[in-house]
Amino acid sequence: MNTWPENVGIIAIELIFPSLYVDQTQLEEFDGASTGKYTIGLGQQRMGFCSDLEDINSFCLTVVQKLIENNDINLHDIGRLEVGTETIIDKSKSVKSVLMQLFEKKECYDIEGVDTTNACYGGTAALFNAISWIESSAWDGRYALVVAADIAVYAKGSARPTGGAGAVAMLIGPNAPLVIDRGLRASYMRHAYDFYKPDLTSEYPFVDGKLSIQCYLSALDNCYNLYKKKAEKKGINVDIGYFDAILFHTPYCKLVQKSVARLALNDFVVNPSDPKFKSVSSFSNIKLEETYFSRDIEKAFINYSNNIFEEKTKPSLFIASQVGNMYTPSIYGGLVSLLISKNMSEIAGNKVGLFSYGSGLASSMFSITITSDYSDNSPLHKLISKLSATKSLLAKRICIVPEKFSSMLDLREKNCHKAPYEPVGIVPEKFSSMLDLREKNCHKAPYEPVGDIKQLFPGTYYLTKVDDMHRRSYSRYFGTIINGNS
């Protein structure tokens, strides 16, 4: 007898992003880059970033608290909590353990899970672990809570405009409106130094740009073809047309468009004589591993798959284009984008393919089936309705000019892991003196921040101080955000 709980998946989802952003057009000019390099070449419009008032702990506190409040969750109903992140501020103490302070108020201590780390893949690993727990003999009938969060920053140079920040919290359980398809996922794992963070005193990664693209596309090839083979064993014929929507981890939006073309190329290699491939038939007898940097093939299959991209994938890139690369929550930010960019009647009953990638490398392709019932009282209607404020919140963000953006990242770099420390934050009229203050207090401990919290979204947790033993304290802001250009 099948004793598995039925339709395990995502019951509720919450997304947050920073209240500050830099405009990519302005950043192009500031960096001396050619016009359109970031906006057209990368497909990015705006990039979210944080002042020193926020860190990975405050990000996760905020998104979990909002998920709990917006969905009236009884904390005693949570039996597992796991965080996927690569933004590490402590080599021992997990972010999950910091989140426990939200549960201790209700004397909730019996909650499994810690942190999971492998670049941008940690959130997916945490999701898979949550599903496995619910479908195991250890499950006690309670929900799991999965958090994916990161602050993505880069040193000055070509990679900096591919940064971003964000956090997603997901309530996982049976009878969900977004069902994770059981027994049908494929993974591709191997050793690579395409992107890594060996310097534990810095937030900045080491990046081999060309190798990173090759690893990403190779992982996509392998995951897609293995997913198809596993589906075939179940009597399911999978090609790019099988999915109603296709979501990808998004370092930058242009790579996702190339990824859609890559799936079409994979289908072509399997059956090049199919009449639908007539416009690209001249590329027969090619080997996938020899095509990663072929401009002719890339261009041909981008043109071939453009309508597919527009229909199945572009709606999922809305938040990524406005916020940037969120690392672990990236693909789930894509899921939120899809849900808020289409009418419920359009997505109800859809089959959604997802490709999750983390450098180093770890990757998986899996799928979600969206339930068909979108009536007013349905779980799907409830889930999507809770996300209705996302677009308006994006519009309330504060634009920071590139000069100050650059200086603020310099300050983050100088004060990374500093103790004692008090965040300076952003007070535009006092910015020069604040930079001096940050420099003076770099890695100082004990220290207490003196930033202007009025630029945070209401309900945001923020860092109040780091003491001389590196212990971090947080508070929550309930005021009204100051809007306008800075």
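Residues numbered from 1 in each chain as written. Predicted model: local features only at pLDDT ≥ 70, side-chain atom pairs only at ≥ 80, totals over all residues. Heavy atoms only, no water.

## Notes on the layout of surface pockets
Quick note on the threshold: Only protein atoms enter the 1 Å grid used here, on which a cavity is any set of points holding a 1.4 Å probe that cannot leave and a pocket is any open set flanked by protein within 12 Å on both sides along at least five of seven lines; residues with an atom within 4 Å of a point are listed as lining. Grid points are joined across faces, edges and corners, and a volume is the space filled by probe spheres set on the points. For helices the rule is a DSSP run of H or I covering at least 4 residues; for strands it is a run of E covering at least 2, with both sets numbered from the N terminus onward. Asp, Glu, Lys and Arg are counted as charged, while Ala, Val, Leu, Ile, Met, Phe, Trp, Tyr, Cys and Pro are counted as nonpolar; the rest, among them Gly, fall into the polar class.
When its volume is computed, the largest pocket comes out at roughly 1200 Å³. Together, 46 residues line the largest pocket, and Thr-87, Ile-88, Ile-89, Asp-90 and His-417 are the ones closest to its centre. The greatest single-element share of the lining of the largest pocket, amounting to 4 residues, is contributed by helix 3 (residues 95-104). For the lining of the largest pocket, a count of residues per class yields 16 nonpolar, 14 polar and 16 charged. If you add up the space inside the second largest pocket, you get close to 570 Å³. Considering the residues around the second largest pocket, the lining is formed by 26 residues, among which Thr-162, Val-207, Gly-209, Ile-213 and Tyr-252 are closest to the centre.

## Let's talk about the pairing of strand 12 (residues 245-248)
Defined as follows: Three exposure classes are used, based on accessible area relative to the maximum for each residue type with a 1.4 Å probe and protein chains only: buried under 20%, partly exposed in between, and exposed over 50%. Any two strands are treated as partners once DSSP identifies two or more bridges connecting them.
Burial of strand 12 is two-sided: the residues Ala-245 and Leu-247 facing one way and the residues Ile-246 and Phe-248 facing the other way are all buried. Bridge count for strand 12 against strand 13 (residues 351-358) is 4 bridges, and the pairing is parallel. The partner of Ile-246 across the bridge, within strand 13, is Gly-353.

## Notes on the pattern of salt bridges
Heads up, the condition is: Salt bridges are identified by distance alone: a Lys or Arg side-chain nitrogen within 4 Å of an Asp or Glu carboxyl oxygen.
Applying the stated rule across the entire model yields 17 salt bridges. In this structure, the salt-bridge partner of Glu-112 is Arg-80, at a minimum N-O distance of 3.3 Å. Highlighted residues: Glu-112 in the loop between helix 3 and strand 5 (115-116) and Arg-80 in strand 4 (residues 78-84), separated in sequence by 32 residues. Note that Lys-197 and Glu-86 form a salt bridge whose closest N and O atoms lie 2.9 Å from each other. Note that Lys-197 is positioned in the loop between strand 10 (195-196) and strand 11 (206-207) and Glu-86 in the loop between strand 4 and helix 3, a separation of 111 residues in sequence. A relative accessible area of 24% places Lys-197 in the partly exposed class. Relative accessible area serves as the criterion here: at 6%, Glu-86 is assigned to the buried category. Among the charged side chains, a network of salt bridges with common partners joins Arg-80, Glu-82 and Glu-112.

## Comments concerning the sheet that holds strand 3 (residues 46-49)
Put simply, the test is: Residues count as neighbours in contact if any of their non-hydrogen atoms are within 4.5 Å of one another. Where helices are involved, their axes are fitted lines through C-alpha atoms of the stretch in contact, as for all axes, and angles between N-to-C directions lie from 0 to 180°.
Pairing is mixed across the open sheet formed by 3 strands, whose spatial order is 3-2-15. Every other strand in the sheet has two partners, leaving strand 3 and strand 15 (398-399) as the edge strands with one partner each. With 4 bridges joining them, strand 2 (residues 20-23) and strand 3 adopt antiparallel strand pairing. Looking at strand 3, one finds that Val-22 is bridged to Met-47. Set on the sheet, helix 1 (residues 24-31) makes contact with strand 2, strand 3 and strand 15; between it and strand 2 the angle comes to about 60°.

## Focus: the nonpolar core
As a reminder, the rule being used: Buried Ala, Val, Leu, Ile, Met, Phe, Trp, Tyr and Cys residues that are joined via side-chain atoms within 4.5 Å together make up what is termed a nonpolar core.
In terms of nonpolar packing, the biggest core is built from 86 residues, with Leu-99, Phe-103, Leu-145, Val-147, Phe-248 and Phe-355 touching the most fellow members. Sorting elements by how many residues they give to this core places helix 5 (residues 209-233) first, with 9 residues. When neighbours within four sequence positions are excluded, Phe-248 is seen to be in contact with Tyr-216, Leu-220, Val-256, Ser-259, Val-260, Leu-263, Thr-313, Ile-331 and Phe-355.

## Some points on the side chain of Ser-94
Mapped onto the secondary structure, Ser-94 falls in the loop between strand 4 and helix 3. Under the relative-accessibility criterion, Ser-94 is labelled buried at 15%.

## Digging into the UniProt feature "domain: Hydroxymethylglutaryl-coenzyme A synthase N-terminal" (unreviewed entry) in the protein
We count it as follows: UniProt positions are given in the numbering used here, feature names are shortened, and annotations may be inferred rather than shown by experiment.
The UniProt entry lists residues 4-177 under the feature "domain: Hydroxymethylglutaryl-coenzyme A synthase N-terminal" (unreviewed entry), expressed in the numbering used here. Between the C-alpha atoms that bound residues 4-177 there is a distance of 17 Å. The span itself is 26% helix and 26% strand.

## Topic: the packing of helix 6 (residues 253-270) against helix 8 (residues 306-313)
Selection rule: Throughout, a crossing is termed right-handed when the near helix is turned clockwise from the far one, and left-handed when it is turned anticlockwise from it by less than a right angle.
Axis separation between helix 6 and helix 8 bottoms out at 9 Å; the angle between their running directions is 115°. Considering the relative orientation of helix 6 and helix 8, their crossing is right-handed. On the side of helix 6, the interface is formed by Val-256, Gln-257 and Val-260, while helix 8 contributes Asn-306, Ile-308, Phe-309 and Thr-313.

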